[in-house]
Amino acid sequence: MPKIEELKAAEMDADLFIEEESKRLSDTVGDGLAINALSGGVDSSTVTMLGHKALGNRLKTYFIDNGLMRKDEPQKIARMFKGLGVPVEIVDAKKEFFAALKGVTDPEEKREAITQTFYKKVFADLIKKSGAKYLLQGTILTDVDETVAGIKRQHNVFEQLGIDPQKAFGYKILEPLVRLRKDGVRKVAAALGLPESVYNRIPFPGPALAARVIGEVTPDRIEIVRLATAITEDELSSIKAFQYLAILHEDRVTGMRAGKRDFGMQIEIRCWDSIDARHAKPVRLSYDVLERLAQRITTEVPGVVSVTYNVTTKPPSTIEAV
Ligand code: XMP
């Protein structure tokens, strides 16, 4: 597999990039059809807008509701893109994802279960239903690097692992952002006219909240991390940071409530300063902010008795926990 040549944000002319990649997409798809899945993250939002500009109604965009997304996310994102002139169909795939994740605790097996459900099941069904030949997706260079290096199997990387999507899943994958890192994607998104609330949105991983549950991913445990995430995002939205998140741990600890023992759950907060996600360091949050997070999470999220803050850099940590 030839090495992908990085296109650095500072050296990129975003308008020229859009023009060239649009032409390439349009020529490749020809008079056929492509589909793509929008998750509301920066990369998938950017590729959706780029694809829409290049392909118009030759692109059909879906939001896969895998049950692992943040609070009210499918409806919010579909509404927002509708406002930008991009129709989005929400696909309910909650059952398929929770069935694939049942009993799985190993992080890489969890990622693999999500990958297989997306590509072999959900996307393959949509390809069949729509008659499309191509899946357009927002893979970026950092996803490829970490997967090839064996750090984390990012959910959207195949060819660089020697997997031919056509043979494995029955369709081709188009990745117009693969030479960019996050800062480059943001530049393209701004040039495409996406609102700042989208392109400066904190990153969110493809495996969604499943990347933030240590141990088995069940609807109940996702609901716990979803509530903690909503509080974390609410409290940290005005902080200057690359990304912030809440993680649900598997180990329980002894706590107390109303004078009684409560063997409860632990939430870990992470808040990162980074430019391109390759290296990151924790933001020095004030104790007032940390105390408020702990106070809100232990009162508003049922069963949580402990909140911690990660002070490790990446490396050796990674940004997500799974
Ligand atoms: P890590 O945890 O590897 O994350 O330090 C680096 C950046 O990538 C995001 N991330 C993912 N994005 N699919 C994605 O699209 C994935 O499987 C995935 N895993 C992590 C993570 O949120 C961070 O911004």
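Look up: the structure comes first, before these words.
Bear in mind the structure is a predicted one, so any value in this text is a computation, not a measurement.

Asker: Help me understand the site of the ligand in this model?
Answerer: As a matter of local geometry, the ligand sits amid 15 residues, with Glu146, Lys152, Gln154, Lys314 and Glu320 nearest to it. One of the side-chain N or O atoms of Arg111 is found 2.8 Å from an oxygen atom in the ligand. Ile319 is positioned such that a nitrogen or oxygen atom in its backbone is 2.7 Å from an oxygen atom of the ligand. For the ligand, whose free accessible area comes to 490 Å², the fraction covered by protein is 94%. Among the residues making up the shell around the ligand, the classes are represented as five nonpolar, five polar and five charged.

Asker: Would you explain the sheet that holds strand 4 (residues 134-136) in this entry?
Answerer: The strands making up a sheet associate through hydrogen bonds between their backbones, and the pairing can be parallel or antiparallel. Strand order in the open sheet made by the five strands is 3-2-1-4-5, with parallel pairing throughout. This sheet does not close on itself; its edge strands, each paired only once, are strand 3 (88-92) and strand 5 (172-174). Adjacent strand axes in the sheet meet at a mean angle of 35° when their direction is disregarded. The sheet contact formed by strand 2 (residues 59-65) and strand 3 spans five bridges and is parallel. In the sheet register, Tyr62 faces strand 3, and the bridge partner there is Glu89.

Asker: For this particular structure, what's the right way to read the side chain of Arg70?
Answerer: Here Arg70 lies in the loop between strand 2 and helix 3 (73-83). At 2.8 Å, the side chain of Arg70 forms a polar contact with the side chain of Glu233. If we skip the residues at most four places from it in the chain, Arg70 touches Arg201, Ile202, Phe204, Leu209, Arg226, Thr229 and Glu233.

Asker: What's the story with the pattern of salt bridges in this structure? I'm lost.
Answerer: Once the charged atoms of two side chains with opposite charge are near each other, the side chains can pair. Inspection of the entire model under this criterion finds 26 salt bridges. Note that Glu21 is salt-bridged to Arg179, the shortest N-O span being 3.0 Å. Taken together, the residues span a long stretch of sequence, with Glu21 in helix 1 (residues 14-29) and Arg179 in the loop between strand 5 and helix 8 (182-191) at a distance of 158 residues. On the basis of relative accessibility, which here comes to 5%, the residue Glu21 falls in the buried class.

Asker: Explain helix 6 (residues 141-148) here, please?
Answerer: Since there are 3.6 residues in each turn of an α-helix, residues three or four apart along the chain are aligned in direction. Burial of helix 6 is extensive: six of the eight residues sit out of reach of the surface. Taken together, the buried positions of helix 6 are occupied by Leu141, Thr142, Asp143, Val144, Glu146 and Thr147.

Asker: Help me out: how do you make sense of the packing of aromatic side chains in this one?
Answerer: Describing an aromatic ring pair means giving the distance of the ring centres and the angle of the ring planes. Applying the stated criterion across every chain yields a total of eight aromatic pairs. Taking NZ or CZ as reference, Arg70 lies 3.9 Å from the ring centre of Phe204, over its face.

Thresholds, definitions, all that
- Residues numbered from 1 in each chain as written.
- Predicted model: local features only at pLDDT ≥ 70, side-chain atom pairs only at ≥ 80, totals over all residues.
- Heavy atoms only, no water.
- Near = heavy atom within 4 Å.
- Polar contact = N/O pair within 3.5 Å; in protein donor to acceptor, adjacent residues only side chain to side chain.
- Areas by Shrake-Rupley, 256 points an atom, 1.4 Å probe, with all protein chains shown as cover.
- Nonpolar A, V, L, I, M, F, W, Y, C, P; charged D, E, K, R; others polar.
- Pairing = 2+ DSSP bridges.
- Helix = DSSP H or I, 4+ residues; strand = E, 2+ residues; numbered from the N terminus.
- Axes fitted to C-alpha atoms, helices over the stretch in contact; angles between N-to-C directions.
- Contact = heavy atoms within 4.5 Å.
- Salt bridge = Lys/Arg side-chain N within 4 Å of Asp/Glu carboxyl O.
- Buried < 20%, exposed > 50% of the residue type's maximum accessible area, 1.4 Å probe, protein only.
- Phe/Tyr/Trp six-rings, centres within 6.5 Å; stacked < 30°, edge-to-face > 60°.
- Lys NZ or Arg CZ within 6 Å of the ring centre and 35° of its normal.

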